[in-house]
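A structural walkthrough
Here are the chains, one letter per residue:
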Amino acid sequence: MSQTNTSLLDEVVQWSQETCRQELKSVLPKLNSLQQKSVSWEEHIRILKIITDMFLPHIRLSELEEQCFAIFLPKAVVVFDSMIEEILDQVGGLSSQNVELRGSIRSILQAMVQVINAVSACVQRVRSFEQIPDLDAIRSLPTCVLKVLRKTFLHCKESEVVYCNRLSLVADLLQGLFKEAYALQKSLLELLDQISLDSGASEEDISGIVTIIHSLLDICSIISDLDIALHANTWKFLIKQSLRHRLLVEERLHHGDISSSLCENLLSFFRSSVELAKQIVQAGLKDATQSTEYKLFQKTAKTSRFFANTLVHYIKEFKYFLTESHSSIHHLYLQILSKFPPSLSAQTLPTALSEELRAAALIPMDALLLQLMPLRPFAEIVLQPDLQLSPEHELPQCLLLVNVVGQLVTQTEDVLRLWHTGSQFSEDTPRLPLYKALFMSFRRCYTERVVPVLLPGVMMKGQAQVQVSVHHHVCVNMCASVASLPPVYFPVLERCLVDAVLQADLQTALLATDVWCFTARYGTAELCLHHVLLVAQLVKTCTVNCYQFFYLGLLLKRMVFLITPNHQMELLIRFPPSEEDNLPVWRHILLKALSQEVRQCVETEIIGIAQRLTLNWQTKGHKLGHVAKLNVVLFSLLAVVRGQSSHEEQCVLSVMRIVTQLWSRMNPDQVLTHPVLQSTVQLLLSLSAVLVKNIDPHVISQALLCVEVLVSKNCPDHLLLAVLEFLASLGKVFVPHQSQSQILPKLSSLFGVLLAEGPWLLHQHALETFSHYAEVTNHEEVISQSLSKEETKTEVVNYLSKTVNAQEEPESRLHRLKLERAVVQQHNKKLENDKEEFVCIKEAEESRSDSEPCPKRARQEPSAEEYSRYVQTAENSLKALQALIESQTDPCPKPPWLEGKLQELQTLIVHIRTLGQTG
């Protein structure tokens, strides 16, 4: 600077206030010229200080912008930036030994404080006017101040990186710099808070407000880690100005950036609150509420609540401008839910800490969801078919959908249509119906269902609130939703229920079954019948070899309990058991659910067709190709005998004849070769277990002989389960002395084998079966002989005494379940990839049954002992019958059907003699 310029500045600083006022218009241009020519930031600051201290108080409000702010403040910002750059260039050599450089950097920091003070003087001058200024009158001031503030806060935030281990050399000045910037921002925001734009605001004023809001948003991202109060107050002002001028600025604001920043801040402070809560728990503080950690936790949680409420309020006002933000809001919702029970990733916290966290973040999420539900983009994010989530977010997604189901009751018709119907046209963004999305989400929560995690149940009058499973929670809320569902959406509901029942995951199918049964029961009797007939038709269409048949059968079994006796008769008429293709329907129905009249009709028709098909199989030479049809009728017979509280004599005799005939045809080697015969044996074992008290000892012996071979040759697991069911039932009968040598050793041998080996599940069933047998049997020698091995005896004793083995650690169990989740999902996916079975297997079976069946494998040549055993059994039975008749004193003791049966036996004997002669 020239000597003339220096002399001017030296002269000006000597002036009085009156002189400054008089020379204002002549000196300001000269000072501007001096500033433009100056290359030293020290001179810039000197000029700026002279302007703000000596001339600013004399400038009228209407002249501030043109005479001062627009001229001097932009240059002040440039000078401020150059000082920061100079620090960055020099800081590498800073050390306690380098006194000169240390003094230089400290001088720069002191100069930065002077710049901030000069800018603060400008703000204070505007605030000193009684008249509220127009934004146009001070346009340069907010822009320049915010630039200085941003640079200051950013430098303070990065100070640990910039100064590294030399921070202590300048920490006091940085602290002072931040303090002055803090005061400057507070003063500026108070000034701007007084300014209001009306509907006639100019384009420049509107743009100015938008720029201020966006600049503050940028500053918020910087100061989030510096000072909680400053951060929160800045956000308060930002949101306040956005709402205050909403009609003017709503189409210009970066709503996506604002909402995303709110989400990030909420999530950041919430995570900090959770971590602080963990630290309090881990520290085990006795008086936690008085500790420094707890006070910091409260402050952080309070800030979380502020951001949560701010986000809700902002979305409420600008919901229709947030089309690009719904994904981040959805992610935020899931993140917060994942940190609370029952999420497996949630930390267990004391009640006081947990409640504060709930109030801070979880409770506002309900209000947030209420604002988002009417928005199509949000629904499209939540209901997208291929939604990819991390495992810890699967349960939160399910709970989110449950919350949507619960809140739909209060929504308008448009919102109901948005969530319930799914996407309607190909050009729409794919969107699942709500119920379908909920079933799919529930299905993915495998680990949480198995653990199981628990949620608060519905509060009932006079009862304490209990914890319930995820299944229970979802089911109750879905049923409540169905109860209030407008009829127009019932077709969509039915399609979702059908899809859920026919998918591969069993518990999801059970959930759909629960909801479907509620739907049927909640409606009219006619609607209930409609559902029963629909499910019965699906069962009839389905093939018995696929999982859908099993799931539909469970559904049908429960639904039949809900229909009236008249409608039961209609079901009988629509699906008469006398027709072979209707038998798959009746095998699933518990006859106890039917009225006496309908049940008798069903029993009569099933037994009649069973006798007819059995006789047909016999007359056609016991061909293997007809066994599948025979199995269908055996399933129905099993439903008949299980449905009787007290077995009617005629019914029992009819079924026993069929069972006896079939046991005589079972060859173990053929059973192991042909799966269809394995199903036959499985059914015969179940039938025999129900009617065990009516089975002749020789039939039991035949069954055990077959079973013994099957077990010794590693038969399938499902067959072993039927074997165990049969063995358990044998404890109820007393084996006659003449048959004990044939039956009891086989029993001991089978128990010994089944208790000694096999997968853990079968082994557990074997222990349970043996304990049931041991409780009721009269043949105690079987028990001792079955436990000939010491290891087996120890396991049985431990089971009976309920000894608990070494328990799995919770962490290990959870890890195992997470691994199982992938295996189960892969298995279910494989089942569903084979879904053509549902349509094609029935046709394949029909084509196979029309072809020539494989001939039955020839029986081994019977031995003389076998002839002798069967003849001896028949002779013993006839002698027992003779003794019974002779012991009666009543003149008419014989039942009326006995004569006919004796004639049939005589005919059978003649037929056997004829076969022997022709053979």
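Look up a bit, the structure's there.
We now turn to the structure provided with this report.

Before going further, it helps to examine the packing of aromatic side chains. Going through the model one piece at a time under the given rule, you end up with 15 aromatic pairs. When the centroid spacing of 6.4 Å and the interplanar angle of 80 degrees are considered together, the rings of tryptophan 15 and phenylalanine 55 count as edge-to-face. One end of the pair, tryptophan 15, is in the loop between helix H1 (3-12) and helix H2 (17-37); the other, phenylalanine 55, is in helix H3 (residues 41-55), with 40 residues separating them in the sequence. Taken as a pair, tryptophan 15 and phenylalanine 55 share a single burial class, namely buried. With a centroid separation of 6.0 Å and an interplanar angle of 40 degrees, the aromatic rings of tyrosine 294 and phenylalanine 297 are classed as tilted.

Summed over all chains, the structure comprises 27 salt bridges. Aspartate 136 serves as the salt-bridge partner of arginine 139, at 1.7 Å between the closest nitrogen and oxygen. You can call aspartate 136 partly exposed: its relative accessible area is 38%. In this structure, glutamate 820 engages arginine 816 in a salt bridge whose closest nitrogen and oxygen atoms are separated by 2.6 Å. Of this pair, glutamate 820 and arginine 816 are both found in helix H39 (residues 810-833), four residues apart, which corresponds to roughly one turn of the helix. One continuous salt-bridge network, built from bridges that share partners, spans Asp136, Arg139 and Asp205.

Summed over all chains, the structure comprises zero disulfides. Between cysteine 445, a cysteine without a disulfide, and cysteine 398, which holds the nearest cysteine sulfur, the sulfur-to-sulfur distance is 4.6 Å. With no disulfide of its own, cysteine 706 lies 9.4 Å from the sulfur of cysteine 715, the closest cysteine sulfur. When its relative accessible area of 3% is taken as the criterion, cysteine 706 is described as buried.

What counts, and where the lines are drawn
Residues numbered from 1 in each chain as written. Predicted model: local features only at pLDDT ≥ 70, side-chain atom pairs only at ≥ 80, totals over all residues. Heavy atoms only, no water. Phe/Tyr/Trp six-rings, centres within 6.5 Å; stacked < 30°, edge-to-face > 60°. Helix = DSSP H or I, 4+ residues; strand = E, 2+ residues; numbered from the N terminus. Buried < 20%, exposed > 50% of the residue type's maximum accessible area, 1.4 Å probe, protein only. Salt bridge = Lys/Arg side-chain N within 4 Å of Asp/Glu carboxyl O. Disulfide = S-S within 2.5 Å.

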